[in-house]
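Below, each chain spelled out in residue letters.
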Amino acid sequence: SISICGAIWLTAWQAVNNVKPWWLIYWNDRPGTAITFEGRRYAVDSESLLVVSPNAMIDRHQDNPVFHFYIHAKCSYPFSDVIPHVTRAPIDAAAKTLIKSVSSQVGKEEGSNLGALDSAAIYTLVYFAMSQVDPAFLKTRVADRRIQDALDFIDRAFLKGIDNQVLADRVSLSRNAFIRLFHEQTGATPGNYILNKRLDHASELLLTSDLSIDEIAAACQFANRHYFSRVFKKCKHFPPATYRKLQ
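Calculation rules
- Residues numbered from 1 in each chain as written.
- Predicted model: local features only at pLDDT ≥ 70, side-chain atom pairs only at ≥ 80, totals over all residues.
- Heavy atoms only, no water.
- Helix = DSSP H or I, 4+ residues; strand = E, 2+ residues; numbered from the N terminus.
- Buried < 20%, exposed > 50% of the residue type's maximum accessible area, 1.4 Å probe, protein only.
- Polar contact = N/O pair within 3.5 Å; in protein donor to acceptor, adjacent residues only side chain to side chain.
- Contact = heavy atoms within 4.5 Å.
- Salt bridge = Lys/Arg side-chain N within 4 Å of Asp/Glu carboxyl O.
- Core = buried A, V, L, I, M, F, W, Y, C linked by side-chain atoms within 4.5 Å.
- Phe/Tyr/Trp six-rings, centres within 6.5 Å; stacked < 30°, edge-to-face > 60°.
- Lys NZ or Arg CZ within 6 Å of the ring centre and 35° of its normal.

Caption draft 1: Here's a closer look at unusual backbone geometry. With an omega dihedral of 5°, the bond running from Tyr77 to Pro78 counts as a cis peptide bond. Here Pro78 is to be found in the loop between strand 8 (66–73) and strand 9 (86–90). A positive phi is found at His237, a non-glycine position, where the angle reads about 80°. Structurally, His237 can be placed in the loop between helix 8 (225–236) and helix 9 (240–246).

Structure representation (structure tokens):
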């Protein structure tokens, strides 16, 4: 789904330790901005989409004003669980035409408020960007259809208190056989996979809502704020309050 799509004249883009729980797709009409990820600098330009994965910690830099087009997107399996990275996706004239067409229509709009044609163009750009992601960065590549069904169910129900037995029953396996097969297919236990989904959702709420940290902890099925803050810091590098301020 599209969280935000925008097109703006950009004059101040500097930020450090910037982390988002969704895919970031950037394009500029000219050189002038860049990001740094793990010590490497990536310029944002007009010849490619710069694609930043969820949970990649980047610094943003700006040297000159630019016209800046951006998409923030949530993607389902297999792009929902990836190793943090940055991808450059070269684009052709047709893609540039799509970007310019959408740019003329959108400001900083919620994806659901975009017109049908604009939404189709944006999804086309997102699909293209995902097609350029190196499969080596995908943490979860599942061959077994039972585990794929479990992952699809988790994506829909991770805030509903599902446990290993519920998932095992869904795919007609014993609890122990399900846990073993899930780990073989994904490299994670079901519990840790669900925990990461809840933490990503908490990250979104920290960035897009005015809910208090106590309210976010409760909404994401954590027993209390203190436990939530401890787990969030371990997985996201910062306590929830600091994460919210830095973004």
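Don't stop here, the text continues.
Caption draft 2: The arrangement of the environment of Ile179 in detail. Residue position: Ile179 is located in helix 5 (residues 175–186). For Ile179, a relative accessible area of 22% puts it in the partly exposed group. Distance in space between the C-alpha atoms of Ile179 and Asp134 is 28 Å, their sequence separation being 45 residues.

Caption draft 3: The arrangement of the side chain of Lys236 in detail. Along the polypeptide, Lys236 turns up in helix 8. Among the polar contacts made by the side chain of Lys236, one reaches the side chain of Asp200 at a distance of 2.4 Å. If we ignore the near neighbours within four places in the chain, the residues touching Lys236 are Asn55, Leu199, Asp200 and Ser203.

Caption draft 4: Layout of the pattern of salt bridges. Enumeration according to the criterion identifies 10 salt bridges in this entry. Notably, a salt bridge pairs Glu204 with Lys74, separated by 3.3 Å at the nearest N-O pair. Taken together, the positions of Glu204 in helix 6 (residues 190–208) and Lys74 in the loop between strand 8 and strand 9 put the pair 130 residues apart, joining distant regions of the chain. A relative accessible area of 14% means that Glu204 is categorised as buried. Residue class for Lys74 comes out partly exposed when judged on its relative accessible area of 37%. In this structure, Lys236 and Asp200 form a salt bridge, with 2.4 Å as the shortest nitrogen-oxygen distance. Of this pair, Lys236 sits in helix 8 while Asp200 sits in helix 6; the two residues are 36 residues apart in sequence, bridging distant segments of the chain. Pair check on accessibility: Lys236 and Asp200 agree, each one buried.

Caption draft 5: Structural context of the nonpolar core. The biggest cluster of nonpolar side chains holds 28 residues, and the ones touching the most others in it are Leu49, Phe69, Ile71 and Val126. Counting only elements with at least two residues in this core, the list comes to strand 1 (2–10), strand 3 (23–28), strand 6 (48–52), strand 8, helix 1 (93–103) and helix 2 (116–131). A total of 6 residues in this core trace back to one element, the largest contributor, which is helix 2. Those residues in contact with Leu49 that sit more than four places away from it in its chain are Ile25, Tyr26, Trp27, Thr87, Arg88, Ala89, Ile91, Ile99, Leu125, Phe128 and Ala129.

Caption draft 6: How the structure looks around the packing of aromatic side chains. Evaluated as defined, the whole model comprises 8 aromatic pairs. Between Phe232 and Tyr243 the ring centres are 5.2 Å apart and the planes differ by 80°, which places this aromatic pair in the edge-to-face class. With Phe232 in helix 8 and Tyr243 in helix 9, the pair connects residues that are 11 residues apart, well separated along the chain. The exposure class assigned to Phe232 is buried, which follows from its relative accessible area of 0%. Classification of Tyr243 by relative accessible area gives buried; the value is 0%. These aromatic residues form a ring-pair network of at least three members: Phe222, Tyr227, Phe228, Phe232 and Tyr243. A cation sits over an aromatic face here: Arg198 above Phe222, 4.3 Å from the ring centre.

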